[in-house]
Amino acid sequence: MAFFKAKSKDKAGTVDLEHLPRHIAIIMDGNGRWAKKRGLPRTAGHKVGAEVFRTIATYCKDLGVEYLTVYAFSTENWKRPKEEVDTIMGLLKRYLLEAIDTMAKDNIRLRFLGDLTSLPRELQDLAAQTNAISETLNGFQANVCVNYGGRDELVNAAKAFAQDCVAGKYVPEQLREAQFEQYLSSAGLPDPDLLIRPGGEQRISNFLLWQCAYAEFVFTDTLWPDFKKEDLDAAIIEFQRRHRRYGGI
Ligand code: IPE
Ligand code: IPE
Ligand code: MG
């Protein structure tokens, strides 16, 4: 059995590489508070948060995790000041441009979950380019949730299914869970095994409501810009101690 030495000082243990979560989801929270604590504008927290995302995504890939899904911008985050929203969109654009240059070399697939139609046109075009590149690859997959809301996703899925019924493709009575999943923006992805929320809040904030039905939750007070590989190790170790029963015994 392969073991990986965890470097975490306070959480003794090792990551068992044979029993990794196949899919990790992260609510990247705490950027604003991280910046405030340092007397910086909230946008500074988002910039560091974007760097941490790069580090943690690479680390997941190196460990052998197959899928990482991160919550970058929710359907509710439009309520924030324009300057903050613009900064987040700018960081996203930078990441997309970088990804277009490097993902084939690194064999990293990138997918966006959420309603991209209300994003700036330029971002939509860049996302289409990264999608096209992803189709040629077969490696680790990073999913970035942008303008994503679990309820919005479910309502859109219900609408699309209803339209297919009207078109005579299906009858409502025949709908099954596996078929409904095909209408979600996560279609084709396995459900997350582990959901990590840094930043101290213990809530789901409209993230992957359907998909997290049996995810193991790990909450940590560490703010996202301070999140290190060791914090990921600690969350995986915690996950590996859990007993998943799925309603059984
Ligand atoms: C998460 O950090 C990033 C986004 C929601 C876009 P926050 O910006 O929510 O940071 P806090 O929670 O205010 O500290
Ligand atoms: C959740 O964080 C959304 C993202 C991390 C993108 P929020 O900061 O928006 O969540 P609440 O408002 O604390 O629930
Ligand atoms: Mg927050």
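Rules used throughout
- Numbering of residues begins from 1 in every chain and follows the order in which that chain's sequence is written.
- Chain labels run from A onward and ligand labels from 1 onward, assigned in the order the entries are written.
- Selection of residues for local features in this predicted model requires a pLDDT of at least 70, selection of side-chain atom pairs for listing and counting requires 80 or more, and totals for whole chains, interfaces and linings are taken over all residues.
- Excluded from the side-chain calculations are hydrogens and water; all other atoms, namely the structure's heavy atoms, are used.
- Classification of residues uses two cut-offs on accessible area relative to the type maximum, computed with a 1.4 Å probe and protein chains only: under 20% is buried, over 50% is exposed, and between them is partly exposed.
- By the criteria applied, helices consist of DSSP H or I runs no shorter than four residues and strands consist of E runs no shorter than two, each listed in order from the N terminus.
- For two strands to be treated as a pair, DSSP must find no fewer than two bridges joining them.
- Note on terminology: near, applied to a residue and a molecule or strand, indicates that one of the residue's heavy atoms is within 4 Å of it.
- Between N or O atoms, a polar contact is any pair within 3.5 Å; within protein, one atom must be a potential hydrogen donor and the other a potential acceptor, and residues adjacent in sequence are included only when both atoms are from side chains.
- Using a 1.4 Å probe, the Shrake-Rupley method yields the accessible areas, and only the shown protein chains count as cover for residues.
- The rule is simple: put a 1 Å grid over the protein atoms alone, call a set of points where a 1.4 Å probe fits but cannot get out a cavity, call an open set with protein on both sides within 12 Å along at least five of seven lines a pocket, and count a residue as lining if it has an atom within 4 Å of a point.
- The rule for placing a molecule in a cavity or pocket is simple: more than half of its atoms must lie within 2 Å of the grid points.
- Grid points are joined across faces, edges and corners, and a volume is the space filled by probe spheres set on the points.
- Charged residues are taken to be Asp, Glu, Lys and Arg, nonpolar residues to be Ala, Val, Leu, Ile, Met, Phe, Trp, Tyr, Cys and Pro, and polar residues to be all remaining types, Gly included.
- The span expected for a helix works out to 1.5 Å for each residue beyond the first.
- Picture the helix axis, draw a direction to every C-beta atom, and the arc is the one those directions span.
- In this analysis, two residues are considered to be in contact whenever any of their non-hydrogen atoms come within 4.5 Å of each other.
- Helix axes are fitted to C-alpha atoms over the stretch in contact, other axes to C-alpha atoms as well, and angles between N-to-C directions run from 0 to 180 degrees.
- Each reported salt bridge corresponds to a side-chain nitrogen of Lys or Arg within 4 Å of a carboxyl oxygen of Asp or Glu.

> For this particular structure, what's the right way to read the pairing of strand 8 (residues 216-219)?
Consecutive residues of a regular strand have side chains that alternate between opposite faces of the sheet. Burial along strand 8 is one-sided: the residues E216 and V218 are buried and none of F217 and F219 is. Strand direction decides the pairing type here: strand 7 (residues 194-197) and strand 8, joined by four bridges, are parallel. Residue L194 lies in a different strand from strand 8, and its bridge partner there is E216.

> Explain the site of ligand 1 here, please?
Lining the immediate surroundings of ligand 1 are 13 residues, of which M28, D29, R33, R42 and R80 lie closest. Here an oxygen atom of ligand 1 and a side-chain polar atom of R42 are 2.9 Å apart. Between R80 and ligand 1, the recorded distance is 2.6 Å, taken from a side-chain N or O atom to an oxygen atom. Within the complex, the protein chains bury 87% of what would otherwise be the 380 Å² of accessible surface of ligand 1. The cavity where ligand 1 resides is the largest pocket. Where the shell around ligand 1 is concerned, the elements lending two or more residues are helix 1 (31-37), helix 2 (42-63) and helix 3 (82-106).

> Explain the layout of surface pockets to me, please; I cannot follow it from the model alone.
Once rolled over the atoms, a probe with the size of a water molecule shows which space is left empty. Taken as a whole, the largest pocket spans an internal volume of roughly 690 Å³. As for the largest pocket, its lining consists of 31 residues, of which M28, N31, H46, Y71 and A72 are closest to the centre. Those elements that provide at least two residues to the lining of the largest pocket are helix 1, helix 2, strand 4 (67-74) and helix 3. When residues in the lining of the largest pocket are grouped by element, the largest group, six residues, is from helix 2. For the lining of the largest pocket, the residue count by class is 14 nonpolar, eight polar and nine charged.

> Any chance you could explain helix 7 (residues 229-241) here in plain terms?
The end-to-end C-alpha distance of helix 7 is 19 Å, a good match for the 18 Å that 13 residues give at a rise of 1.5 Å each. When helix 7 is considered as a whole, its buried residues turn out to be L232, D233, A234, A235, I236, I237 and F239.

> It is not clear to me how helix 5 (residues 150-166) should be interpreted in this structure. Could you clarify?
Along an α-helix, residues three or four positions apart point the same way, because every turn accommodates 3.6 residues. Along its 17 residues, helix 5 runs 24 Å from first to last C-alpha, staying within 8% of the 24 Å computed at 1.5 Å per residue. The set of residues buried in helix 5 consists of G150, E153, A157, F161, D164 and C165. An end-on view of helix 5 places all buried positions within 115° of arc, on one side of the element. Set apart from the buried face of helix 5 by more than 90 degrees, the exposed residues are R151, Q163 and V166. Its buried side turned inward, helix 5 meets strand 6 (141-148) and helix 6 (177-181). In the stretch just after helix 5, G168 is the one whose phi turns positive, near 85°.

> Please clarify how the sheet that holds strand 7 should be interpreted in this entry.
Either a parallel or an antiparallel arrangement is found when strands of a sheet pair, and the pairing is made through backbone hydrogen bonds. Spatial strand order, 5-6-4-3-7-8: six strands in an open sheet with parallel pairing. The two strands at the open ends of the sheet, each matched to only one other strand, are strand 5 (109-113) and strand 8. Each strand axis lies, on average, 20° off the axis of its neighbour in the sheet, ignoring direction. Pairing between strand 4 and strand 6: seven bridges, direction parallel. By the bridge assignment, S74 is partnered in strand 6 with Y148. Against the sheet, helix 3 contacts strand 4, strand 5 and strand 6, and its axis sits at roughly 150° relative to strand 5.

> Quick question: what am I supposed to make of the environment of Q202 here?
Along the chain, the position of Q202 falls in the loop between strand 7 and strand 8. Spatially, the C-alpha atoms of Q202 and L123 are 31 Å apart, while their sequence positions differ by 79 residues.

> Would you mind going over the pairing of strand 7 with me for this structure?
The alternating pattern of strand 7 places L194 and I196 on one face and L195 and R197 on the opposite face, and all of these are buried. Across three bridges, strand 3 (residues 23-27) lies against strand 7 in parallel orientation. Directly across from I24, in strand 7, lies its bridge partner L194.

> I would appreciate a short explanation of the pattern of salt bridges in the present structure.
Any two side chains of opposite charge can pair, so long as their charged atoms come close to each other. By the definition in use, this model includes 20 salt bridges. Among the ionic pairs, R33 bridges to E201, the shortest N-O distance being 3.6 Å. Of this pair, R33 sits in helix 1 while E201 sits in the loop between strand 7 and strand 8; the two residues are 168 residues apart in sequence, bridging distant segments of the chain. For R33, a relative accessible area of 34% corresponds to the partly exposed category. For E201, a relative accessible area of 24% translates into the label partly exposed. As a salt-bridge pair, D164 and K169 come within 3.9 Å of each other at their nearest N and O atoms. Here D164 falls in the buried class, since its relative accessible area comes to 18%.

Honestly, that's just the spatial picture; any functional story needs more than this.
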